[in-house]
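Observations on chain architecture
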Amino acid sequence: MRADVLVRGISQFVTAEGAEPKRGAAMRELKVVQRAAVAIAGGQFAWVGPERDWNGEAASIVDAGGCAIVPGLVDPHTHAVWAGDRLADFEARLSGVTYEEILAAGGGIRSTIRATAAATEEQLVALARPRIAALVRSGATTIEVKSGYGYAVEAELRILRAIHALAAQAPAWIVPTLLIHMPPAEAAEREEYVAAVCEEMIPAAAREKLAQAVDVFVEKEAWSATEAEQMLNAARAQGLRTKLHTEQFHRMGGLELGARMGAMSVDHLEACGAEQVAMLAASATVATILPGVTLHLGLPAAPGRKLIDAGAAVAVGTDLNPGSSPLFSAQMALALAVRLNGLTAQEALVAGTTNAAAALGLRDAGRIEPGLPADFAVLHGADWRELIYTMGANPVREVWIGGQKAE
Ligand code: NIG
Ligand code: FE
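Only a predicted model underlies this, so the values are computations on that prediction, with no experimental measurement involved. (Residues numbered from 1 in each chain as written. Chains lettered and ligands numbered in written order. Predicted model: local features only at pLDDT ≥ 70, side-chain atom pairs only at ≥ 80, totals over all residues. Heavy atoms only, no water.)

**Examining the sheet that holds strand E4 (residues 57–71)**
If you walk across this open sheet you meet the 7 strands as E3-E2-E1-E4-E13-E14-E15, and the pairing is mixed. Where the open sheet ends on each side, the last strands, each with one partner, are strand E3 (44–50) and strand E15 (404–405). In terms of strand pairing, E4 meets strand E13 (residues 376–379) through 3 bridges, oriented antiparallel. Bridged to Val70 within E13 is Ala377. (Pairing = 2+ DSSP bridges. Helix = DSSP H or I, 4+ residues; strand = E, 2+ residues; numbered from the N terminus.)

So, in structure tokens, the structure goes:
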């Protein structure tokens with residue numbers, strides 16, 4: 001075999017095997033290859049295995065210096081495009097006002113919608129670029145980015161266009177999602193807005209290929225499960241996949257809707273109960289947990305341990321956003337998932353790679369396997385578990401995306 005690059009001198013690499021999401025105990029089954037090498041050709045892994053088994057030729061050779069490598073992390077849930085800040089909310093919350101109270105008073109997400117409306121598309125891209133760069137430095141090579149701070153049909157489509165402009169410049173693979181975040185403040189206007197989402201916003205996003213999935217926020221201060229169902233059905237009719245933000249503060253039927261509709265994922269789940277855990281375990285829907293929100297808002301942790309023990313497929317994301325999770329590290333999201341949600345290091349690795357890919361409907365991301373894009377992170381240490389163990393310093397030394405070292 002002739003490769004473009006051979007990365008040798010790898011102490012060990014770790015990967016889940018196979019594209020299917022891993023459920024329950026299978027989330028602990030990892031392949032660990034010691035004293036390894038990976039060969040890259042045309043941006044893909046061409047060969048991976050113990051270094052002593054390599055007998056091909058490579059145009060160039062890179063020595064990993066005895067460090068471990070892990071698959072490029074997949075961040076399956078971010079809101080990386082926003083303008084303004086939420087520092088006043090943060091201060092208010094520190095003095096006892098809750099996130100929901102701020103939102104109910106017209107602040108929170110609605111204030112970010114106002115600030116985002118005042119920025120040009122170029123400004124939005126410029127603001128998002130360093131956020132994506134931070135996620136990449138933390139090991140992320142595939143990153144979902146949601147709209148959701150637009151509100152009006154044209155404003156939401158503008159954010160999706162900004163996400164596409166960002167994707168063209170970003171070192172990572174970007175997966176765009178249309179998020180239907182906030183309803184009109186006036187109850188009387190909700191029906192008309194839902195109609196505009198179903199008849200204009202979603203069809204335009206599908207026609208212009210601006211999003212691969214539609215996400216709806218089901219919550220007391222946002223949408224009911226009935227309204228979400230209408231909008232997600234419109235998404236399906238346009239050939240788009242579905243996701244939900246649900247059970248963040250209350251159980252309102254969003255999780256049941258997601259499981260019943262075969263949504264790719266239901267995300268948040270801090271308020272999830274035993275019945276919902278069982279329902280997810282019996283469904284094909286990935287349970288995406290967001291420990292940055294637990295830390296930043298002081299919410300109960302989503303029942304990660306219980307979900308896995310019941311047999312569900314769990315993914316972990318940063319939920320990078322200015323209000324509920326200013327977490328700019330996919331690595332730290334995994335480090336938090338073991339501390340706050342009770343995952344093991346092996347489960348966290350799977351949750352941040354192959355299961356996170358499944359939450360985005362991707363089969364070719366998050367694994368070290370011939371034929372897949374050569375996306376991986378080289379750690380500083382020789383043991384892959386440093387990825388999950390480390391807090392506050394970056395255990396990732398370098399990141400390769402599509403066979404190229406990200407600068
Ligand atoms: O995932 N919960 C709803 N949406 C976002 C928060 C957005 C914000 O606070 O700006 C979330 O937590
Ligand atoms: Fe979110």
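**What to know about the coordination of the iron ion (ligand 2)**
Here the iron ion (ligand 2) is held by the protein donor atoms His77 (NE2), His79 (NE2), His245 (NE2) and Asp319 (OD), which lie 2.0 to 2.3 Å from it. Here the donor residues of the iron ion (ligand 2) share one chain and are spaced in sequence as H-x1-H-x165-H-x73-D. With His77 in the loop between strand E5 (73–75) and helix H1 (87–94) and His245 in strand E9 (residues 241–246), this pair connects stretches of sequence that are 168 residues apart. Looking at His245, the relative accessible area reads 2%, which means it is buried. (Donors = N, O, S within 2.8 Å, 3.2 Å for Na, K, Ca; no water. Buried < 20%, exposed > 50% of the residue type's maximum accessible area, 1.4 Å probe, protein only.)

**Quick word on the packing of aromatic side chains**
Under the defined criterion, the tally for this structure stands at 7 aromatic pairs. Seen from their ring centres, Tyr151 and Tyr193 are 4.6 Å apart, and the 5° between their planes marks the pair as stacked. Of this pair, Tyr151 sits in the loop between strand E6 (140–146) and helix H5 (153–169) while Tyr193 sits in helix H6 (residues 190–207), and the two are 42 residues apart along the sequence. According to the relative accessible area criterion, Tyr151 is partly exposed, its value standing at 26%. On the accessibility criterion, Tyr193 (11% relative accessible area) is buried. Ring centres of Tyr193 and Trp223 lie 5.8 Å apart, and the angle between their planes is 15°; this geometry places the pair in the stacked category. (Phe/Tyr/Trp six-rings, centres within 6.5 Å; stacked < 30°, edge-to-face > 60°.)

**So, the site of ligand 1**
In the vicinity of ligand 1, 15 residues are found, and the nearest of them are Tyr99, Tyr149, Gln248, Asp319 and Ser324. Within the contact set of ligand 1, a nitrogen atom lies 2.6 Å away from a side-chain nitrogen or oxygen of Gln248. The separation between an oxygen atom of ligand 1 and a polar side-chain atom of His268 is 2.9 Å. More than half of the atoms belonging to ligand 1 lie within 2 Å of the grid points that define the largest cavity. Looking at side-chain class alone, the shell around ligand 1 contains 4 nonpolar, 9 polar and 2 charged residues. (Near = heavy atom within 4 Å. Polar contact = N/O pair within 3.5 Å; in protein donor to acceptor, adjacent residues only side chain to side chain. 1 Å grid on protein atoms, 1.4 Å probe; cavity = no way out; pocket = protein on both sides within 12 Å on 5 of 7 lines; lining within 4 Å. Sits in = over half its atoms within 2 Å of the grid points. Nonpolar A, V, L, I, M, F, W, Y, C, P; charged D, E, K, R; others polar.)

**Points about the domain arrangement of the chain**
Each assigned domain of the chain is listed with its residue range as follows: domain 1 (2–70 + 367–405) and domain 2 (74–359). Between the C-alpha centres of domain 1 and domain 2 there is a distance of 29 Å. At the junction of the two partners, domain 1 supplies 33 residues and domain 2 supplies 37 residues. When the two sides are added together, the surface that domain 1 and domain 2 hide from each other amounts to roughly 2500 Å², 65% of it contributed by carbon and sulfur. On inspection of domain 1 and its partner domain 2, the count reaches 1 salt bridge. Ionic pairing is found between Glu347 and Arg28, a salt bridge with its closest N-O pair at 2.5 Å. Remark: the boundary between domain 1 and domain 2 carries 12 residue pairs in polar contact (both at pLDDT 80 or more). (Domains from an automatic or database assignment. Contact = heavy atoms within 4.5 Å. Buried area = accessible area lost by both parts, 1.4 Å probe. Salt bridge = Lys/Arg side-chain N within 4 Å of Asp/Glu carboxyl O.)

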